[in-house]
Amino acid sequence: GHLCLQRLHDSHAALVSCMQRTVASKLREEAGVSGADRAANWCNLGLWSDTNNGNQGGHIISSYNRACENLAHALGKAAGLGPTDAVLSCGCGSLDEVRFFKQRFHVRHITGIDPYLIEPRTIDTDDYNVRTIRASVDHLAAAGDGEQPMFPSRYFDKILALDNIYHYPCKSS
């Protein structure tokens, strides 16, 4: 388990992403996901207790996709997302969270970045307020000699990492 992942440091993110997608696919399959839920490709651990609607104890959510949305909602709410925000969504996977933050919180602009970006079946990336980049978050700060950074300073108001901070070697920056 963990010791093996330490030895495979360069492959860690790819290995974890592969495991997440496999588990997510199995959870959707076991839940008998159908209809509109079938188009969703969430692959986070989800928040299985629904406390977003003011329920103190919350009820247990039985749908994997709904639990994933619930986690995204909790993060967006905690970040105070709103219509004036320009957001960077790190490790956005299949862009379900990008779509969710745009639709639920009406953010002004959102950019999703992920080295293993899976193009979804339904997202309007032609919208000038949605941008996707297939790259590692390391590329954001990796401007070396003579290289321009990917984005100008203070381009984003908020930077989110929904259930994926463990992919990054340095968690303090």
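Look a little higher up for the structure.
In this text, all values refer to a predicted model and were calculated from it rather than measured experimentally. (Residues numbered from 1 in each chain as written. Predicted model: local features only at pLDDT ≥ 70, side-chain atom pairs only at ≥ 80, totals over all residues. Heavy atoms only, no water.)

Trainee: Looking at this structure, I do not really get helix α4 (residues 96-105). What am I missing?
Mentor: Count 3.6 residues to each turn of an α-helix, and residues three or four apart come out pointing the same way. Burial runs high along α4: eight of the ten residues are buried. Buried within α4 we find Asp96, Glu97, Val98, Arg99, Phe100, Phe101, Lys102 and Phe105. At its buried positions, α4 is contacted by α3 (64-79), β3 (86-90), β4 (109-113), β5 (130-133) and β6 (158-160). (Buried < 20%, exposed > 50% of the residue type's maximum accessible area, 1.4 Å probe, protein only. Helix = DSSP H or I, 4+ residues; strand = E, 2+ residues; numbered from the N terminus. Contact = heavy atoms within 4.5 Å.)

Trainee: Can you help me understand the pattern of salt bridges in this one?
Mentor: Working definition: two side chains of opposite charge can pair if their charged atoms are close together. Inspection of the entire model under this criterion finds three salt bridges. As a salt-bridge pair, lysine 158 and aspartate 85 come within 3.1 Å of each other at their nearest N and O atoms. Placement of lysine 158 in strand β6 and of aspartate 85 in the loop between α3 and β3 is noted, with a sequence separation of 73 residues between them. By relative accessible area, aspartate 85 is classed as buried at 7%. The residue aspartate 96 makes a salt bridge to arginine 99 at a minimum N-O spacing of 2.7 Å. In this pair, aspartate 96 and arginine 99 both sit in helix α4, three residues apart, roughly one turn of the helix. Residue classification places arginine 99 among the buried positions, given a relative accessible area of 16%. (Salt bridge = Lys/Arg side-chain N within 4 Å of Asp/Glu carboxyl O.)

Trainee: How should I be thinking about a nonpolar patch on the surface in this particular structure?
Mentor: A cluster of nonpolar side chains, Val23, Leu27 and Trp48, forms an exposed patch at the surface whose accessible area comes to about 230 Å². Valine 23 sits in the partly exposed class, given a relative accessible area of 48%. (Patch = residues over 30% accessible without salt bridge, like charges linked within 9 Å, V, L, I, M, F, W, Y side chains within 5 Å. Areas by Shrake-Rupley, 256 points an atom, 1.4 Å probe, with all protein chains shown as cover.)

Trainee: Just checking my understanding: could you explain the environment of aspartate 138 for this structure?
Mentor: When you line up the elements, aspartate 138 lands in helix α5 (residues 138-141). For the pair aspartate 138 and proline 115, spaced 23 residues apart in sequence, the C-alpha to C-alpha distance is 9.8 Å.

Trainee: What exactly am I supposed to notice about the packing of aromatic side chains here?
Mentor: The description of an aromatic ring pair uses the distance of the two centres, along with the angle that the planes make with each other. Per the counting criterion, the structure on display carries eight aromatic pairs. Ring centres of phenylalanine 100 and phenylalanine 101 lie 6.2 Å apart, and the angle between their planes is 70°; on these two criteria the pair is classed as edge-to-face. By relative accessible area, phenylalanine 101 is classed as buried at 0%. On the basis of an interplanar angle of 45° and a centroid distance of 6.3 Å, the ring pair of phenylalanine 101 and phenylalanine 105 is categorised as tilted. A residue pair is termed a helical-turn pair when its members lie 3 or 4 positions apart in one helix, as phenylalanine 101 and phenylalanine 105 do in helix α4 at four residues. (Phe/Tyr/Trp six-rings, centres within 6.5 Å; stacked < 30°, edge-to-face > 60°.)

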